[in-house]
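# Commentary on secondary and tertiary structure
Single-letter residue listing:
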Amino acid sequence: MATIFQRFCEAPEALINPCDVIERKAGFPEVCITTFSEGIIKDFVRQNPADVIAGLNTANGALPVYEIEYAGRKLGLFLSRVGAPACVTGLEEIIALGARKIIQFGCCGILDQAAADNRVIIPSSAVRDEGTSYHYIPGSEEICADSAAVDTAVRCMERHKIPYTVGKLWTTDGIYRETQEAIRERKKQGCIAVEMECSASMAVARFRKVPIIQFFYGADSLDSDKWEPRDLTDYGVSLGDKYMAIALECGVID
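Note that the structure is a prediction, hence the values are computed from the model and not measured. (Residues numbered from 1 in each chain as written. Predicted model: local features only at pLDDT ≥ 70, side-chain atom pairs only at ≥ 80, totals over all residues. Heavy atoms only, no water.)

### Notes on the packing of aromatic side chains
- The tally for this structure, following the rule as stated, stands at 4 aromatic pairs.
- Arranged with centres 5.1 Å apart and planes meeting at 0 degrees, the rings of F105 and F215 form a pair that is stacked. Taken together, the positions of F105 in strand β5 (residues 101-110) and F215 in strand β10 (residues 212-221) put the pair 110 residues apart, joining distant regions of the chain. In this structure, F105 and F215 share a single accessibility class: buried.
- With a centroid separation of 5.5 Å and an interplanar angle of 80 degrees, the aromatic rings of Y136 and F207 are classed as edge-to-face. Taken together, the positions of Y136 in the loop between β6 (120-129) and β7 (142-144) and F207 in helix α8 (residues 198-208) put the pair 71 residues apart, joining distant regions of the chain. (Phe/Tyr/Trp six-rings, centres within 6.5 Å; stacked < 30°, edge-to-face > 60°. Helix = DSSP H or I, 4+ residues; strand = E, 2+ residues; numbered from the N terminus. Buried < 20%, exposed > 50% of the residue type's maximum accessible area, 1.4 Å probe, protein only.)

### A look at the side chain of R128
- Within the secondary structure, R128 sits in strand β6.
- This buried residue, R128, is left without a salt bridge; E130 holds the nearest opposite charge, at 4.5 Å.
- A polar contact of 3.4 Å, which involves the side chain of R128, links it to the backbone oxygen of I137.
- Here R128 is in contact with S133, Y134, I137, P138, G139, S140, E141, E142, I143, T171 and S199, once residues within four sequence places are set aside. (Lys, Arg positive; Asp, Glu negative; His and termini not counted. Salt bridge = Lys/Arg side-chain N within 4 Å of Asp/Glu carboxyl O. Polar contact = N/O pair within 3.5 Å; in protein donor to acceptor, adjacent residues only side chain to side chain. Contact = heavy atoms within 4.5 Å.)

### Examining the packing of helix α3 (residues 38-47) against helix α9 (residues 240-252)
- Close contact between α3 and α9 brings their axes to 10 Å; oriented N to C, the two are set at 80 degrees. Between α3 and α9, the crossing angle belongs to the class labelled roughly perpendicular. On the side of α3, the interface is formed by I40, F44 and Q47, while α9 contributes G240, D241, Y243, M244 and L248.
- Here the residues of the contact of α3 with α9 are counted per class, giving 5 nonpolar, 2 polar and 1 charged. (Axes fitted to C-alpha atoms, helices over the stretch in contact; angles between N-to-C directions. Parallel < 35°, antiparallel > 145°, perpendicular 65-115°, else oblique. Nonpolar A, V, L, I, M, F, W, Y, C, P; charged D, E, K, R; others polar.)

### A look at the packing of helix α4 (residues 84-97) against α8
- Contact geometry of α4 with α8 gives a least axis separation of 9 Å together with a crossing angle of 30 degrees. By the angle between their directions, the pair α4 and α8 is classed as roughly parallel. Handedness of the α4/α8 crossing: right-handed. Contacts between α4 and α8 involve A84, C87, V88, L91, E92 and I95 from the first element and A200, S201, V204 and R208 from the second.
- For the contact of α4 with α8, the residue count by class is 7 nonpolar, 1 polar and 2 charged. (Left-handed = near helix turned anticlockwise from the far one by under 90°.)

This is the structure we're talking about:
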């Protein structure tokens, strides 16, 4: 595997590039918000003015990109597909359209209830247990978040008195291979939560030199001998207004 994950190619241009499949759009919002919950997106668009200004197209179907307004500013809003490769493909095309700053949020599994339960989680770093990030930055076990992005998220939480914690996440490609042994190992590394896209999103943002501000909310719990689904299948909809409000504030904070 070292011949794959340890042989990073630094060439900025690939055979197929985002600009080859999607054209830059004049006036495209420089700040874009994205989440993995279709329900949160649909609820927000139903309750607020939103215009479709672009689309992200795959064999899975088309994902609309909306233009919304908040605090007098135009922002983009779109759904990210679950899983690092699909998520990063969407980010690549959003950046090609003209985005210059990304706010990304979604749910995660709690590995350390004492540290993360009932708090918004801001990633300081992520274990790269996925394959996508290795195509964007050299191989390493972890990737650190941009300190300015973490600071922006922290200032937003503190300004609005939202309970939060900053810590390491575990990004994995294998949701059904989170074994007890793997969970124990990640917890020893200091991971407080697990999800599927964080490290890869950090990597593509670094490669494309676009800041990404990320936060996550706990859904299920893996911090015991028995898995606790909790509100995993709610996909954040019950508190969607809260999470969107945080994302909007992160998007406009100076």
